[in-house]
Amino acid sequence: MIKKLYEKSEIWFAVAWIIAYVVLASVGDNLSTYVGVLKIVTLPILIVLSVILYCFVIYRRTA
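Computed from a predicted structure; not experimentally measured. (Residues numbered from 1 in each chain as written. Predicted model: local features only at pLDDT ≥ 70, side-chain atom pairs only at ≥ 80, totals over all residues. Heavy atoms only, no water.)

Another aspect to go through is the pattern of salt bridges. All chains considered together, the criterion is met by two salt bridges. Residues D29 and K39 are paired through a salt bridge, measuring 3.0 Å at the closest nitrogen-oxygen approach. Of this pair, D29 sits in helix α2 (residues 10-35) while K39 sits in the loop between α2 and α3 (42-62); the two residues are ten residues apart in sequence, bridging distant segments of the chain. Note on D29: relative accessible area 26%, which makes it partly exposed. (Salt bridge = Lys/Arg side-chain N within 4 Å of Asp/Glu carboxyl O. Helix = DSSP H or I, 4+ residues; strand = E, 2+ residues; numbered from the N terminus. Buried < 20%, exposed > 50% of the residue type's maximum accessible area, 1.4 Å probe, protein only.)

Written out as structure tokens, the structure is:
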């Protein structure tokens, strides 16, 4: 799915990642506030997002 979006339009691929980052960071911050410890949920969410993007970049470089 990520590869298909990237091949279709690199601009929309970048926009999709920016939207995903903003939405997930916001949700993570809200959940962290609910838990009572700032960034306790946001950090793992953004780490997973970063790992997914990193794996995609490595895959594209070797393909």
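Moving on to the packing of aromatic side chains. Under the definition given, this model contains four aromatic pairs. Plain terms: the ring middles of Y6 and F13 are 5.1 Å apart, the flat faces sit at 80 degrees to each other, and that makes the pair edge-to-face. For Y6, a relative accessible area of 23% corresponds to the partly exposed category. The exposure class assigned to F13 is buried, which follows from its relative accessible area of 8%. Consider the rings of F13 and W17, whose centres lie 6.2 Å apart with planes at 70 degrees: the pair is edge-to-face. (Phe/Tyr/Trp six-rings, centres within 6.5 Å; stacked < 30°, edge-to-face > 60°.)

Functional significance is not addressed by these values, which are geometric in nature.
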